[in-house]
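Structure at a glance
Residues per chain, in single letters:
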Amino acid sequence: MKSSSRRQFLSDSAKIGIATLFTSPVLASVFKSPPALKENFCFPIKTGFKQEPLAYTYNALEPLIDAQTMDIHYNKHAALYCKNLNDAAIAEKVDTNKSVEDLLATISKFSVKMLNNAGGHYNHELFWKSLTPNGDVQPKGTLLAAIEKEFSSFDNFKSKFIDAAKTRFGSGWAWLIMTSDKKLIVTSTPNQNNTLMDIAEVKGLPLLGLDVWEHAYYLKYQNKRADYIDSFWKIVNWNYIQQRFDSVL
């Protein structure tokens, strides 16, 4: 075989081999790129400007969270955040057909009233869905695997989250978030701030949040925030947290 013909033969053989490799169902799967986190946390679960109804009754979380606290928390505190947010949106010409997530991404452009109430509304809408009377001790599947990979164990994660909730001075929130490079991080924010805001020191998508404002627990637990935090783990809706986790992969 002539040298030029031989080179052509080898080139054609290589192309055929590569084509065969990637059309093989088994081998092709090896070369698939891992799923990337969607940019700017664009995910299917969006928050609107209206207060959604609770998925359970006010007394459903008893004895861990009492009915009176749930009633006041939802109908007074959270409802007022929603009302004030919509009032601010009218005054500052915000398009309420968009999501609250879109607003939070540029919250520094708006008033303090907008910041406090957009954060308060978003945080509480997430909080209600993160609770269930039928809570599991811990998550399962891909979320549990990711937590164990990042924190070595679920107990280590839980310890870090509890510490973030206990040591947040005054009012605020403890969070499990996913950053833009798909890292799971435990952090906390003051007042009604959250990690979607462009002013946040640590940015990421909130997966799980715990309200440590006194109005969330004082009627039952008084100044015993640690007892409230311990009770929280018995009513976490890990199925919903899993949905949030899956939605950004």
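Because the structure is a prediction, the values reported are computed rather than measured.

Turning next to helix α6 (residues 141-151). Here α6 has its buried residues at Leu-143, Leu-144, Ile-147 and Phe-151. Relative to the axis of α6, the buried residues are bounded by an arc of 95 degrees and lie together on one face. Along α6, the residues that are exposed and aim more than 90 degrees away from the buried face are Gly-141 and Lys-149. On its buried side, α6 packs onto α7 (154-167), β1 (172-178), β2 (184-190) and α10 (238-247). The first or second residue beyond α6 is Ser-152, which carries a positive phi of 80 degrees.

Turning to the pairing of β1, a few remarks are in order. For β1, the buried fraction is high: 7 of the 7 residues fall into the buried class. Neither face of β1 is exposed, since Gly-172, Ala-174, Leu-176 and Met-178 on one face and Trp-173, Trp-175 and Ile-177 on the opposite face are all buried. With 7 bridges joining them, β1 and β2 adopt antiparallel strand pairing. Along β2, the bridge assignment pairs Ile-177 with Ile-185. From the end of β1 to the start of β2, which pair antiparallel, there are 5 residues, and Lys-182 there has a positive phi angle of about 65 degrees. Alignment of β1 against strand β3 (residues 205-211), held across 6 bridges, turns out to be antiparallel. Bridge pairing in β3 places Ala-174 opposite Leu-210.

Quick look at the confidence of the model for the chain now. Averaged over all residues, the pLDDT of the chain equals 86, while 82% of them reach at least 70. In the predicted structure, residues 1-40 sits below a pLDDT of 50 and forms 22 contacts with residues beyond four places in sequence or in another chain.

Here the second largest pocket defines a volume of roughly 170 Å³. For the second largest pocket, the full set of lining residues is Arg-168, Thr-187, Ser-188, Thr-189, Pro-190, Asn-193, Asn-194, Thr-195, Ile-199, Ala-200, Glu-201 and Val-202. The residue inventory of the lining of the second largest pocket, partitioned by class, reads 4 nonpolar, 6 polar and 2 charged.

With that out of the way, let us pick up the sheet that holds β2. The strands making up a sheet are joined through hydrogen bonds of the backbone, oriented either antiparallel or parallel. Strand order in the open sheet formed by 3 strands is β2-β1-β3, with antiparallel pairing between adjacent strands. For this open sheet the edge positions go to β2 and β3, each flanked by a neighbour on one side alone. Neighbour-to-neighbour, the strand axes of the sheet open up by a mean angle of 25 degrees, direction not taken into account.

Definitions and limits used
- Residues numbered from 1 in each chain as written.
- Predicted model: local features only at pLDDT ≥ 70, side-chain atom pairs only at ≥ 80, totals over all residues.
- Heavy atoms only, no water.
- Buried < 20%, exposed > 50% of the residue type's maximum accessible area, 1.4 Å probe, protein only.
- Helix = DSSP H or I, 4+ residues; strand = E, 2+ residues; numbered from the N terminus.
- Arc of directions from axis to C-beta.
- Contact = heavy atoms within 4.5 Å.
- Pairing = 2+ DSSP bridges.
- pLDDT = per-residue confidence, 0-100.
- 1 Å grid on protein atoms, 1.4 Å probe; cavity = no way out; pocket = protein on both sides within 12 Å on 5 of 7 lines; lining within 4 Å.
- Points joined across faces, edges and corners; volume = space filled by probe spheres on them.
- Nonpolar A, V, L, I, M, F, W, Y, C, P; charged D, E, K, R; others polar.
- Axes fitted to C-alpha atoms, helices over the stretch in contact; angles between N-to-C directions.

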